Amino acid sequence: MSSKTNPGKLIVFSAPSGSGKTTIVRHLLAQKELNLEFSISATSRVKRENEINTKDYYFLSTDDFKQHIKADRFLEWEEVYRDNFYGTLKTELERIWALGKHVIFDIDVSGGLRIKRKFPDETLAVFVKPPSIDELKIRLKKRQTETEDKINMRVAKASAELATSPLFDCIIENNILDTAQKKAYDIVSQFIN
Ligand code: 5GP
């Protein structure tokens, strides 16, 4: 492991669904000098057409997911939406640490704060804030990955998620993507160096 890049940090990006955190996380992953590796979560939700199993998520049946919960194999897990379980397997951290890289998470606010509580010194917890709830709804509709019902469920949850933002180490407002990406880069590179 190189001491220059100081591997072993945990970078958490959390936000209401549709805030653009995934785009920001992908941008950071493309900056090779940051030495980041994506934490692939497990989920019981249905795979979207453009997603790849073991790259975007480990897609599991609800039964398999519950088995992993029982066996205490998760670092954290949440039923983010009804019957849709998401969680970080402990083996995922071992995989990434063995590569000598920093871990970057794209997870919901409860999971993000749980990781911060478990590893307070090693974790940078970033909250990505959408310009407004209305804008969030517009973005989710444009994405065309969810039904109207599911969009409404995600928007309803967003207000509660926004209220947790002061608990994070920093907040990035995602009004202009380019500006948000630059700010994310600066914060992360400062934290890991
Ligand atoms: P999506 O269904 O849009 O991929 O994700 C829904 C929400 O679940 C997003 O906020 C996403 O960040 C969150 N999520 C993804 N993986 C995990 C995880 O491992 N743990 C938790 N707590 N949330 C996750």
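It should be noted that the structure appears before, not after, this text.
Okay, so let's go over this structure. As the structure is a computational prediction, the values presented were derived from the model and not from experiment.

Contact geometry of helix H1 (residues 21-29) with helix H7 (residues 177-192) gives a least axis separation of 10 Å together with a crossing angle of 55°. Taken together, the axis directions place H1 and H7 in an arrangement best described as oblique. Considering only the axes of H1 and H7, their crossing is right-handed. Taking contact as the criterion, the partners of Thr23, Ile24, His27 and Leu28 in H1 are, on H7, Leu177, Ala180, Gln181, Ala184, Tyr185 and Val188. Classifying every residue of the contact of H1 with H7 gives seven nonpolar, three polar and no charged.

So, on to the pattern of salt bridges. Counted according to the given criterion, the structure contains 15 salt bridges. When the shortest N-O distance is used, the salt bridge between glutamate 51 and arginine 45 registers 2.8 Å. With a relative accessible area of 10%, glutamate 51 lands in the buried category. Classification of arginine 45 by relative accessible area gives buried; the value is 7%. Arginine 48 is the salt-bridge partner of glutamate 146, the closest N and O atoms lying 3.2 Å from each other. Here glutamate 146, found in the loop between helix H5 (133-143) and helix H6 (148-162), pairs with arginine 48, found in the loop between strand E3 (41-43) and strand E4 (57-59); they are 98 residues apart in sequence, far enough to count as distant. Each member of the pair, glutamate 146 as well as arginine 48, is classed as buried. A cluster of three or more residues bridged by salt bridges with shared partners is formed by Arg45, Arg48, Glu51, Arg143, Glu146 and Arg154.

The next thing to look at is the packing of aromatic side chains. The geometry of an aromatic ring pair is captured by the separation of the ring centres together with the interplanar angle, meaning the angle of the planes. Taken as a whole and assessed by the stated rule, the structure comprises seven aromatic pairs. Geometrically, the ring pair formed by tryptophan 77 and phenylalanine 85 is tilted, given 6.0 Å between the ring centres and 45° between the ring planes. Since its relative accessible area comes to 33%, tryptophan 77 is described here as partly exposed. Here a set of aromatic residues connected by ring pairs shows up, and it is made of Phe65, Phe74, Trp77 and Phe85.

The immediate surroundings of the ligand are formed by 18 residues, with Ser41, Arg45, Tyr57, Tyr86 and Asp108 found nearest. In the environment of the ligand, an oxygen atom lies 2.7 Å from a nitrogen or oxygen atom belonging to the side chain of serine 41. Surface burial for the ligand is 95%, taken as the share of its 510 Å² of free accessible area covered by protein chains. Mapped by element, the contributors of at least two residues to the shell around the ligand are strand E5 (74-81) and strand E6 (84-89). Counting residues per element, the shell around the ligand draws most heavily on E5, at four residues. Class assignment of the residues belonging to the shell around the ligand gives a composition of five nonpolar, four polar and nine charged.

Cut-off values and rules
- Residues numbered from 1 in each chain as written.
- Predicted model: local features only at pLDDT ≥ 70, side-chain atom pairs only at ≥ 80, totals over all residues.
- Heavy atoms only, no water.
- Axes fitted to C-alpha atoms, helices over the stretch in contact; angles between N-to-C directions.
- Helix = DSSP H or I, 4+ residues; strand = E, 2+ residues; numbered from the N terminus.
- Parallel < 35°, antiparallel > 145°, perpendicular 65-115°, else oblique.
- Left-handed = near helix turned anticlockwise from the far one by under 90°.
- Contact = heavy atoms within 4.5 Å.
- Nonpolar A, V, L, I, M, F, W, Y, C, P; charged D, E, K, R; others polar.
- Salt bridge = Lys/Arg side-chain N within 4 Å of Asp/Glu carboxyl O.
- Buried < 20%, exposed > 50% of the residue type's maximum accessible area, 1.4 Å probe, protein only.
- Phe/Tyr/Trp six-rings, centres within 6.5 Å; stacked < 30°, edge-to-face > 60°.
- Near = heavy atom within 4 Å.
- Polar contact = N/O pair within 3.5 Å; in protein donor to acceptor, adjacent residues only side chain to side chain.
- Areas by Shrake-Rupley, 256 points an atom, 1.4 Å probe, with all protein chains shown as cover.

Read these as geometric descriptors, not functional statements.
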